[in-house]
Amino acid sequence: MTDVSDGVLHTLFRSDQGGHEQVVLCQDRASGLKAVIALHSTALGPALGGTRFYPYATEEQAVADALNLARGMSYKNAMAGLEHGGGKAVIIGDPETDKTEELLLAYGRFVASLGGRYVTACDVGTYVADMDVVARECRWTTGRSPENGGAGDSSVLTSFGVYQGMRAAAQHLWGDPSLRDRKVGVAGVGKVGHHLVEHLLREGAEVLITDVREDAVRRVLDRHAQGVMAVADTEALIRTEGLDVYAPCALGGALNDDSVPVLTAKVVCGAANNQLAHPGVEKDLADRGILYTPDYVVNAGGVIQVADELHGFDFDRCRAKAAKIFDTTLAIFARAKSDGIPPAAAADRIAEQRMAEARAAR
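Residues numbered from 1 in each chain as written. Predicted model: local features only at pLDDT ≥ 70, side-chain atom pairs only at ≥ 80, totals over all residues. Heavy atoms only, no water.

### Some words on helix H6 (residues 193-203)
Counting buried residues in H6 gives 9 out of 11 residues, a clear majority hidden from the surface. The secondary structure elements touched by the buried residues of H6 are helix H5 (155-174), strand S7 (183-187), strand S8 (206-210), helix H7 (214-223), strand S9 (228-230) and strand S10 (245-248). Where H6 terminates, the next one or two residues include Gly204, which has phi positive at roughly 95°. (Buried < 20%, exposed > 50% of the residue type's maximum accessible area, 1.4 Å probe, protein only. Helix = DSSP H or I, 4+ residues; strand = E, 2+ residues; numbered from the N terminus. Contact = heavy atoms within 4.5 Å.)

### Here we look at the pairing of strand S1 (residues 22-28)
Both S1 and strand S2 (residues 33-41) contribute to a ladder of 7 bridges, which runs antiparallel. By the bridge assignment, Asp28 is partnered in S2 with Leu33. Turn length for the S1-S2 hairpin, with the two strands adjacent in sequence and antiparallel, is 4 residues, and the turn residue Gly32 shows positive phi of about 85°. (Pairing = 2+ DSSP bridges.)

### A look at the packing of aromatic side chains
Across all of its chains, the model carries 3 aromatic pairs by this definition. Ring centres of Tyr54 and Tyr56 lie 5.0 Å apart, and the angle between their planes is 70°; this geometry places the pair in the edge-to-face category. Tyr54 gets classed as partly exposed once you look at its relative accessible area, which sits at 32%. In this structure Tyr56 comes out as buried when scored by relative accessible area, which is 11%. Just above the ring of Tyr127 sits the side chain of Lys191; from NZ or CZ to the centre is 4.6 Å. (Phe/Tyr/Trp six-rings, centres within 6.5 Å; stacked < 30°, edge-to-face > 60°. Lys NZ or Arg CZ within 6 Å of the ring centre and 35° of its normal.)

### Points about helix H3 (residues 101-112)
In a regular helix each residue adds 1.5 Å, so 12 residues correspond to 16 Å; H3 covers 16 Å between its end C-alpha atoms and thus fits that length. Buried within H3 we find Leu103, Leu104, Leu105, Ala106, Tyr107, Gly108 and Val111. Looking at the buried side of H3, the elements it contacts are S1, S2, strand S4 (51-54), strand S5 (85-92), strand S6 (118-119) and helix H4 (128-135). (Expected span 1.5 Å × (residues − 1).)

### Topic: the pattern of salt bridges
Within this structure, the stated rule accounts for 20 salt bridges. Between Arg182 and Asp244 there is a salt bridge; the shortest N-O distance is 3.8 Å. Separated by 62 residues along the polypeptide, Arg182 in the loop between H5 and S7 and Asp244 in the loop between helix H8 (234-238) and S10 bring together distant segments of the chain. Arg182 gets classed as partly exposed once you look at its relative accessible area, which sits at 23%. You can call Asp244 buried: its relative accessible area is 15%. Its salt-bridge partner being Asp308, residue Lys321 comes within 3.9 Å of it at the nearest N-O pair. Of this pair, Lys321 sits in helix H12 (residues 315-323) while Asp308 sits in helix H11 (residues 301-309), placing them 13 residues apart in sequence. (Salt bridge = Lys/Arg side-chain N within 4 Å of Asp/Glu carboxyl O.)

### So, the state of the cysteines
One pass over the structure, following the stated rule, counts 0 disulfides. For Cys138, which is in no disulfide, the shortest distance to another cysteine sulfur is to Cys26 and amounts to 11 Å. (Disulfide = S-S within 2.5 Å.)

### Description of the pairing of S5
Judged by how many residues are buried, S5 sits mostly within the fold: 8 of 8 residues are covered. Going residue by residue along S5, you find Gly85, Gly87, Ala89 and Ile91 tucked away on one face and Gly86, Lys88, Val90 and Ile92 tucked away on the opposite face as well. Relative to S5, S2 runs antiparallel, the two being bridged by 6 bridges. Within S5, the residue paired with Ser41 across the bridge is Gly86. Where strand S3 (residues 47-48) and S5 come together, 2 bridges link them in parallel fashion. Pairing of Ala47 across the sheet is with Gly85, part of S5. Sheet topology places S4 next to S5; 4 bridges connect them, and they run parallel. What sits directly across from Phe53, in S5, is Ile91.

### Brief notes about the nonpolar core
Counting residues in each nonpolar core, the largest one holds 67 residues, and the members touching the most others are Tyr107, Met166 and Val186. For this core, the element with the highest residue contribution is H5, accounting for 7 residues. If near-sequence neighbours (up to four positions away) are discounted, Tyr107 is found in contact with Leu33, Ala35, Ile37, Thr51, Ala89, Ile91, Tyr118, Thr120 and Val134. Core analysis: the second largest hydrophobic core is formed by 18 residues, Leu208, Leu243, Tyr246 and Val281 among them. (Core = buried A, V, L, I, M, F, W, Y, C linked by side-chain atoms within 4.5 Å.)

### Focus: the environment of Gly301
Relative to the helices and strands, Gly301 resides in helix H11. For Gly301, a relative accessible area of 0% corresponds to the buried category. Separated by 143 residues in sequence, Gly301 and Thr158 have C-alpha atoms that sit 4.1 Å apart. Residues in contact with Gly301, not counting those within four places in the same chain, are Leu157, Thr158, Ala322 and Ile325.

Everything listed here is a matter of geometry and, on its own, says nothing about what the molecule does.
Structure below.
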């Protein structure tokens, strides 16, 4: 693919963000499918991660996103205690206009061609119904509907895990895991964010929300007459006076050189992947006294669910595993304090140690 520049190849082969085992470029002209499947690591087991359907401006951006997301899944699965490595796939296109049954079936054939090295699931732009279609061509598909042998929507446990990470941050910072009367700003109230709002309201938190989609905001406001207030956009949300917790629950890069200096919250804990725009942002947060809960740790509830689906899904068993995110997050804060490093670096060290031990044991 001539559009993939030396920058992407450098990331893949020579940078600290690379080290991927395999990257597959997929094309089916009959259906219009163009996809990238990235396998970062299979040290702990078959790579597991979702399929993102997104209208990338260039193929280069799609490859770069797949690489970043796959690497993040290796760390997420390791910290979640799963016997899976990390992988991710992206389909290039607008899911509202380009998604067809033929395209999803073609994609399923490409995943199946990897022979189980990659297990796919839902992500941004893909849903349970889509995985049902993919599964017709590929048995290494999770996130399917209960009617088709799956566990259904993984966003329920994703939000529960984020909620547990938020409680751990409250325990660490304020000495009490309760979020009652805490002001929490949720940016993105889609598949995961609106479930997170439910958890927060049940505990008595004051919730502020924003989303680029007005219908998503309206759905939450219509359901909850009290306890929720909408703000204009993320820029207004992060500047809100008295904000205790900021929960980025949309796309990545929410924590960057522009947002961190104006962020009023004392805690950042959200469901979005790859929240840190670049290496060094975690230190900027620490320097400002903002406690960051590593995204791939607290948003692991969904991957815990889809991994369990491979062995016969049991919701109570998954919920119990997701509840352990509370203890895992506290352990990361303790490691960060003992090593004198930000929590994101502490989580990386723990995950890398587990992957290294798995490779050594082969």
